[in-house]
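Architecture and fold: a report
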Amino acid sequence: MSPQLALDFEHRPAFSREDFVVASANRDAVAWIDRWPDWQAVGTIVVGPPACGKSHLSNVWQTKSGAARFELRGLETEQADAIVDANTTLVIEGLDRGASLAAETTLLHVINLLGERRGSLLATSRKAPVAVQFTLADLASRIRAFPVLTLREPDDGLLEAVLRKHFSDRQLTVGADVIRYLIRYGERSFAAAKQAVQRVDEAALQRKRQISIALAKEILEGTD
């Protein structure tokens, strides 16, 4: 009999401040977010690898500040005046993903307007600002002058908490033995932890099995 297909339900992660796991890899970044609105600079850049918590942290700040959210590429069709007239706190996602000259021009004008109106901007990036290639030299100069919050790869304690959070986001409770196995034998990154939880969950649904070390071993060894 062919395995049962897992239904493609949308798993909505919890993005509240209480759900954010604080550890040595991100403690300074969290403290900076908590300091708002007592920021000296107009903008702050959150930098880290995929799935490290950049979006979660920006969501925490968005909730606190009432910020509007934009993708950098999406600014190509927006007007800076209209954006800042509507909201003087903004989240800009994907600073490092490449954007048109029009999008960069809009962002530069947004930053200037926020400076005039004592607003605040939080941007996310997978690369440090000095490594991001901008077409506009003025934009590059402004961005690279902002404080940078770096989210580092997890230690064992943070990796355990991240794995538990991903399982919890899927309404799953797993044994400590499974968590320890994934930490010991899985790839040590936020993105890999997220993918491992997704694959284990899908395999358990398809095979109608409980999540166990045996199932996790099959997934990690690629025998699924």
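This is a predicted model, so every value here is computed, not measured.

With respect to the sheet that holds strand β1 (residues 43-47)
The five strands lie next to each other as β2-β3-β4-β1-β5, forming an open sheet whose pairing is parallel. Two strands in the sheet have a free side with no partner beyond their single neighbour: β2 (68-71) and β5 (148-150). Taken over all neighbouring pairs, the strand axes of this sheet differ in orientation by 20° on average, direction set aside. Taken together, the four bridges between β2 and strand β3 (residues 89-93) define a ladder with parallel strand orientation. The partner of E71 across the bridge, within β3, is E93. Against the sheet, helix α2 (residues 54-65) engages β1, β2, β3 and β4 (120-125), with an angle of about 165° to β3. Against the sheet, helix α4 (residues 101-116) makes contact with β3 and β4, and its axis sits at roughly 145° relative to β4, the strand it touches most.

Quick look at the pattern of salt bridges
By the definition in use, this model includes ten salt bridges. With its nearest N and O atoms 2.9 Å apart, the salt bridge here joins D96 to R126. Of this pair, D96 sits in the loop between β3 and α4 while R126 sits in the loop between β4 and α5 (137-144); the two residues are 30 residues apart in sequence, bridging distant segments of the chain. On the accessibility criterion, D96 (11% relative accessible area) is buried. Put simply, E160 and R164 hold a salt bridge, and the shortest N to O gap is 3.3 Å. With E160 and R164 both in helix α6 (residues 156-169), this residue pair falls four residues apart, about one helical turn. Overall, the relative accessible area of 33% leaves E160 in the partly exposed class. The structure contains a network of salt bridges with shared partners spanning R207, R209 and E218.

Reading the values: the criteria
Residues numbered from 1 in each chain as written. Predicted model: local features only at pLDDT ≥ 70, side-chain atom pairs only at ≥ 80, totals over all residues. Heavy atoms only, no water. Pairing = 2+ DSSP bridges. Helix = DSSP H or I, 4+ residues; strand = E, 2+ residues; numbered from the N terminus. Axes fitted to C-alpha atoms, helices over the stretch in contact; angles between N-to-C directions. Contact = heavy atoms within 4.5 Å. Salt bridge = Lys/Arg side-chain N within 4 Å of Asp/Glu carboxyl O. Buried < 20%, exposed > 50% of the residue type's maximum accessible area, 1.4 Å probe, protein only.

Structural measurements only, silent on function.
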